[in-house]
Amino acid sequence: MTTTPLRGLLWLLVLSLSPSLSAAEKSPAERGRDALFVHAMNPPIWSRKAYDDAWKRWGAKEKPADYDRAFREHYGLHEAPFDNKGLPLGLQESRGLLGKGVVNNCLLCHAGSVAGETVIGLGNASLDLQSLFEDLSAADGMSPDFPFQFSVVRGTIDPVNPLTFLMNLRDDDLKLRPARGLGYSRDIASDPPAWWQLKRKKTRDWTGDIDARSTRVDMINLLTPLNSPATIKKQEGVFADISAFLLTVAAPKYPFPIDGERAGRGKVVFEATCAKCHGTYGPNASYPNRVVPFETIGTDRTLADSLRPDLRAAIRKSWFTQELGPDGKPFAFTDPAGYQAPPLDGVWATAPYFHNSSVPTLSHVLDSKARPKVYTRSYRTGKEDYDAEKVGLKTAPCEAPDEKTSAIERRKVYDTTRPGRGNGGHTYGDKLTGEERTDLLEYLKTL
C-alpha cells in the first residue's frame with residue numbers, strides 16, 4: 001500500500017494538540033472531560049465538505065435524506081448527546097490555519113452503543129474505521145491509501161501500526177528525525193477495552209504491559225511533525241486531567257430483567273470458576289490484575305506478537321516511558337507475556353468478546369464448541385440487535401467472502417479462520433453443565 005507525503009502529513013494532523021484547555025475553577029476530571037468533548041484538541045484533517053460529500057463513495061445515486069443519520073449508520077457511529085454541530089460522536093468541528101474543518105477524536109473508538117443506549121467509554125463495536133478514513137480523504141481529493149490498515153474487520157481497530165508510524169519519525173527525546181525503519185505488522189484486530197475498567201487495573205491494555213497510572217502513554221498521539229518536543233511535553237497536565245476523567249466513567253447497568261434466583265446460583269459458579277482471574281464483585285470486590293500466559297489462555301496471539309521488538313525498544317528508550325511513579329522509578333513497560341484477564345464490570349455491554357472481538361456472546365465464551373466460525377451481523381445497536389438470552393450480539397452464519405467481494409462488504413464478515421481473528425482458547429466454561437452456564441450467564445448480567 002502506498003501513500004503520498006502530503007497524505008501522511010494530513011493524517012498526522014489528526015494527532016496534533018491545540019493549546020492547553022485547563023480551567024482552574026474546574027476539577028481535574030471536569031477539565032479532562034472538556035479536553036475530550038468540548039474543545040477540539042486537534043486541527044482539522046478534513047473539510048466539512050468532505051463530510052457532506054462522503055455519500056458519493058457509497059454507490060448511491062443521490063444524497064440520502066436525513067443524511068446525518070445515514071452517515072452514522074454507514075460507518076457505525078453514534079449520535080452525540082450534546083451539541084456537536086451535527087456531527088456524530090468521534091468527529092468534531094475544528095479550526096486550523098485554513099479555517100474550519102472536521103477532525104476525529106477519542107470518542108470515535110471509545111464511544112459505543114448497546115441495546116439502544118449510547119455509552120461513553122465503551123469500545124465502538126460497530127465502527128468501520130477503514131472506510132471512514134478512506135472515504136473522507138477521497139471526498140477531499142486526497143489519496144485514500146495509507147501505509148497500513150486501520151481495521152481488517154468491522155468493529156475492530158489496529159492500535160499498533162499507527163503507533164509505529166508515529167514513532168518512526170522521532171528520536172528518544174521526541175526530536176524529529178528521518179524515518180528509522182520500524183516495521184509494520186499485519187492482520188491486527190483489537191477491541192478497545194472499556195474505560196471504566198481502568199479504575200480497577202494496575203496495568204492496562206490487552207497485554208498488561210503498561211502501568212495503568214501512566215499519563216504519558218496516551219501522549220504518543222501527539223507525535224505530529226507540527227509539535228515540537230517542548231510542545232508535547234508541556235501537555236502532560238492536560239493528559240493527567242483526561243486520566244482523572246476516565247477514572248470517573250461508570251459501567252452501564254443491564255437493561256433487561258434478571259432472574260435473581262438463577263443469578264444467585266451463578267455467583268457460586270463464578271467464584272469457583274472465574275474469580276481467580278477476573279476478580280470478585282460487590283462491597284468487598286477485589287481484582288488480581290492477572291496476565292495469563294499465552295500457552296495457558298490459548299487465544300489468538302497475533303495482537304501481542306505485533307508489538308515487535310524494534311517497536312518495543314523504541315518506546316522503552318523514549319521520553320514516554322521515563323515517567324516516574326510514586327516510588328521515584330519509571331513506570332515499567334514490559335514485554336508481552338500473555339493477555340490480561342479484564343475486570344468484568346459491565347461485561348454484558350462489552351460484546352463481542354476476547355481481545356479481537358472474535359466471540360459474539362458470553363454464551364459462546366462459555367462454550368467453545370458452539371462458537372460460530374464465519375458470521376456477520378447488522379452492526380446496528382438497538383435493543384432488537386441484542387441477544388438477551390446468550391448475552392451479546394445477534395449474528396447470522398454466512399459464507400466467507402471471496403476476492404470479488406468489495407472491501408467494505410468483506411469487513412462486515414468475521415471469518416475466524418483468518419490471521420489475527422482466531423476464536424480458540426479460553427475453554428474454561430466447557431467443563432460446566434448447561435444449567436451451570438445458564439446460571440452463570442444470569443450472574444454476569446448483574447456485574
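Residues numbered from 1 in each chain as written. Predicted model: local features only at pLDDT ≥ 70, side-chain atom pairs only at ≥ 80, totals over all residues. Heavy atoms only, no water.

Student: Explain the environment of L441 here, please?
Tutor: Summarising the element assignment, L441 is placed in helix α17 (residues 434-444). For L441, a relative accessible area of 8% puts it in the buried group. Residues L441 and P43 lie 398 residues apart in sequence; the distance between their C-alpha atoms is 45 Å. In this structure L441 touches L362, S363, L366, E389, K390 and V391, once residues within four positions along its chain are discounted. (Helix = DSSP H or I, 4+ residues; strand = E, 2+ residues; numbered from the N terminus. Buried < 20%, exposed > 50% of the residue type's maximum accessible area, 1.4 Å probe, protein only. Contact = heavy atoms within 4.5 Å.)

Student: Can you walk me through the sheet that holds strand β13 (residues 413-415) in this structure?
Tutor: As a general point, the strands of a sheet are linked pairwise by backbone hydrogen bonds and lie either parallel or antiparallel. Read across the open sheet, the three strands follow the order β12-β9-β13; overall the sheet is antiparallel. Either end of the sheet is taken by a strand with one partner, and the two such strands are β12 (396-397) and β13. (Pairing = 2+ DSSP bridges.)

Student: Looking at this structure, how should I read the packing of aromatic side chains?
Tutor: Aromatic rings in a pair are described by how distant their centres are and how their planes are angled relative to each other. Throughout the structure, instances matching the rule amount to 25 aromatic pairs. Between the aromatic rings of W319 and F320, the centroid separation amounts to 5.5 Å while the plane-to-plane angle is 70°, which identifies the pairing as edge-to-face. Exposure remark for F320: the relative accessible area of 3% places this residue in the buried category. Clustering of aromatic rings is evident, with ring pairs tying together W46, F133, F146, F148, F150, F165 and Y184. Above the plane of the ring of Y67 lies K63, whose end atom (NZ or CZ) is 4.5 Å from the centre. When the ring centre of F294 is taken as origin, the NZ or CZ atom of R301, which lies over that ring, is 4.2 Å away. (Phe/Tyr/Trp six-rings, centres within 6.5 Å; stacked < 30°, edge-to-face > 60°. Lys NZ or Arg CZ within 6 Å of the ring centre and 35° of its normal.)

Student: Sorry, what's going on with the environment of Y386 here?
Tutor: Looking at the element boundaries, Y386 is found in strand β10 (residues 386-387). It is 9.5 Å that separates the C-alpha atoms of Y386 and A349, two residues lying 37 residues apart in sequence.

Student: Even after reading the chapter, I still don't get the pairing of strand β1 (residues 91-96), so can you show me in this structure?
Tutor: Looking along a regular strand, one sees side chains alternate from face to face of the sheet. Note that β1 and strand β2 (residues 99-104) share six bridges and pair antiparallel. Paired with S94 across the strands is G101, a residue of β2. Two successive antiparallel strands, β1 and β2, enclose a turn made up of two residues.

Student: Explain helix α2 (residues 28-38) here, please?
Tutor: An α-helix turns once per 3.6 residues; consequently, residues spaced three or four apart project the same way. Inspection of α2 places A29, R31, G32, D34, A35, L36 and F37 among the buried residues, and these make up the whole buried set. Residues of α2 that are buried sit in contact with β1, α5 (107-110), β4 (117-120) and α9 (236-246).

Student: What am I meant to see in the nonpolar core here?
Tutor: Among soluble globular proteins, nonpolar side chains are generally buried collectively. M167 and F270 are the most contacted members of the largest nonpolar core, which totals 78 residues. If one sorts the elements of this core by residue count, α9 sits on top with five residues. Counting 28 residues, the second largest nonpolar core, distinct from the first, contains A50, A70, L91 and F165. (Core = buried A, V, L, I, M, F, W, Y, C linked by side-chain atoms within 4.5 Å.)

Student: What is the right way to read the side chain of H426 from this model?
Tutor: Tracing the backbone through its elements, the reader meets H426 in the loop between β13 and α17. Judged by relative accessible area, H426 falls into the buried class, the value being 17%. Apart from the residues lying within four places of it in its own chain, the contact partners of H426 are H278, I297, T299, F354, V365 and R371.

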